[in-house]
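Residue-level structure breakdown
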Amino acid sequence: MGSNEKKERCGTICLKYLLFTFNFLFWLAGGAVMAVGTWTLVKKSDYISLLSSKIYAVSAYILIMAGVIVMVTGVLGCCATFKEQRRLLRVYFVLLLCIFLLEILAGVLAYIYYQQLNEELKENLRETMVKKYRQPEQEHVTKAVDKLQQEFKCCGSNNSSDWVESVWIRSGEANQRLFPDSCCKSPVIELCGQRDHPSNIYKVEGGCITKLENFILNHLQIIGAVGVGVACVQNFTKSAEHVRRIIVKTRANFDGDRAISRGIPV
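Note that the structure is a prediction, hence the values are computed from the model and not measured. (Residues numbered from 1 in each chain as written. Predicted model: local features only at pLDDT ≥ 70, side-chain atom pairs only at ≥ 80, totals over all residues. Heavy atoms only, no water.)

**Side note on the overall build of the chain**
Secondary structure assignment for the chain yields seven helices and zero strands. For the chain, the residues scored as buried account for 43% of the 266 residues in total. Residue pairs at least 24 apart in sequence account for 69% of intrachain contacts in the chain once pairs closer than 6 positions are excluded. Within the structure as shown, the chain displays about 14700 Å² of accessible surface, and the carbon and sulfur contribution to it stands at 61%. (Helix = DSSP H or I, 4+ residues; strand = E, 2+ residues; numbered from the N terminus. Buried < 20%, exposed > 50% of the residue type's maximum accessible area, 1.4 Å probe, protein only. Contact = heavy atoms within 4.5 Å. Areas by Shrake-Rupley, 256 points an atom, 1.4 Å probe, with all protein chains shown as cover.)

Spelled out as structure tokens, the structure:
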């Protein structure tokens, strides 16, 4: 009987440390989720200004919020595992539920945005480039377009000929440029946008719209992969915690029954 009890206690302790390990991984996963969301807003915020829909930005904020909650939950999970306090465990499971709901919300938003992304870019990217580039109070759009064309090595929404209808190109402020200098393969050369030749500018099939669409779709896949990873760790942690509580409760009942059979008051 003593050997069985010792094995049960050993199993409970091993499960407790396993839970601690997974809660620590959960905490690291929260940091990864928050990092992806922060990276989206800080490093790629310029591209967000080119999109009419705010779903992409909202999904990044949801990721940051979920990451913070996941990290707090991981710490609470570690404390709840070792201290075995019911209040902490309740808070822990409530936070797990919140994370699960946030994951569903982020997934739904990502799916909706995935469906409408191509149409949105077709309708709005060209108009934004043509009407807002180098216009008063549109510095953020100008910066975003220049960054987009240089980073993705493209010119114009669909192709370089889109710039023919640009308000800025048609004005005298363009200094006879045919395209912005950011279309050039060597943008450091001033007024390089005056020369229309494949050796000078990026003449990419599909233009910037294809490159930006692929970038956002890849980023949505990263968001989805991170969400799935966190969900897997979360579900394992919940299952292991549930098993641990059953073992602890069973052991407590067993000890109580044994004490009663010996005539010891419980």
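**Considerations on helix α5 (residues 139-151)**
The terminal C-alpha atoms of α5, which comprises 13 residues, lie 18 Å apart, in line with the 18 Å expected from a rise of 1.5 Å per residue. Of all the positions in α5, only Val141, Thr142, Ala144, Val145, Leu148 and Gln149 are classed as buried. Down the axis of α5, the buried side of the element spans an arc of 165°, and every buried residue falls inside it. Facing away from the buried surface of α5 by more than 90 degrees, the exposed residues are Glu139 and Lys143. (Expected span 1.5 Å × (residues − 1). Arc of directions from axis to C-beta.)

**Considering helix α4 (residues 86-132)**
Count 3.6 residues to each turn of an α-helix, and residues three or four apart come out pointing the same way. Taking 1.5 Å per residue, 47 residues should reach 69 Å; α4 reaches only 58 Å between its end C-alpha atoms and comes up short. The sharpest bend along α4 measures roughly 50° and falls at Gln116. At the exit of α4 stands Arg134, carrying a positive phi of roughly 60°. (Bend = angle between axes of the 7 residues up to and from the residue.)

**What to know about the packing of aromatic side chains**
Per the counting criterion, the structure on display carries four aromatic pairs. Plain terms: the ring middles of Tyr133 and Trp168 are 5.4 Å apart, the flat faces sit at 70° to each other, and that makes the pair edge-to-face. Of this pair, Tyr133 sits in the loop between α4 and α5 while Trp168 sits in helix α6 (residues 167-170), and the two are 35 residues apart along the sequence. Overall, Tyr133 belongs to the buried group, its relative accessible area being 1%. Relative to Phe215, the ring of Phe152 has its centre 5.7 Å away and its plane inclined at 50°; by these criteria the two rings are tilted. Here the residue Phe152 occupies a position in the loop between α5 and α6, and Phe215 occupies one in helix α7 (residues 207-261), the gap between them amounting to 63 residues. Side by side, Phe152 and Phe215 carry an identical accessibility label, which is buried. A network of ring pairs unites the aromatic residues Tyr133, Trp163 and Trp168 as a single cluster. (Phe/Tyr/Trp six-rings, centres within 6.5 Å; stacked < 30°, edge-to-face > 60°.)

**Quick look at the pattern of salt bridges**
For side chains of opposite charge, pairing can occur when their charged atoms come near one another. Scanning the model with the defined rule gives five salt bridges in all. In this structure, Glu165 and Arg126 form a salt bridge, with 3.1 Å as the shortest nitrogen-oxygen distance. With Glu165 in the loop between α5 and α6 and Arg126 in helix α4, this pair connects stretches of sequence that are 39 residues apart. Several salt bridges converge on common partners, so that one network encompasses Arg126, Asp162 and Glu165. (Salt bridge = Lys/Arg side-chain N within 4 Å of Asp/Glu carboxyl O.)

**A few points about a nonpolar patch on the surface**
Residues Leu97, Phe100, Leu101, Ile104, Val108, Tyr111 and Ile112 make up a contiguous nonpolar surface patch of roughly 660 Å² in combined accessible area. Here Ile112 is to be found in helix α4. In this structure Ile112 comes out as partly exposed when scored by relative accessible area, which is 38%. (Patch = residues over 30% accessible without salt bridge, like charges linked within 9 Å, V, L, I, M, F, W, Y side chains within 5 Å.)

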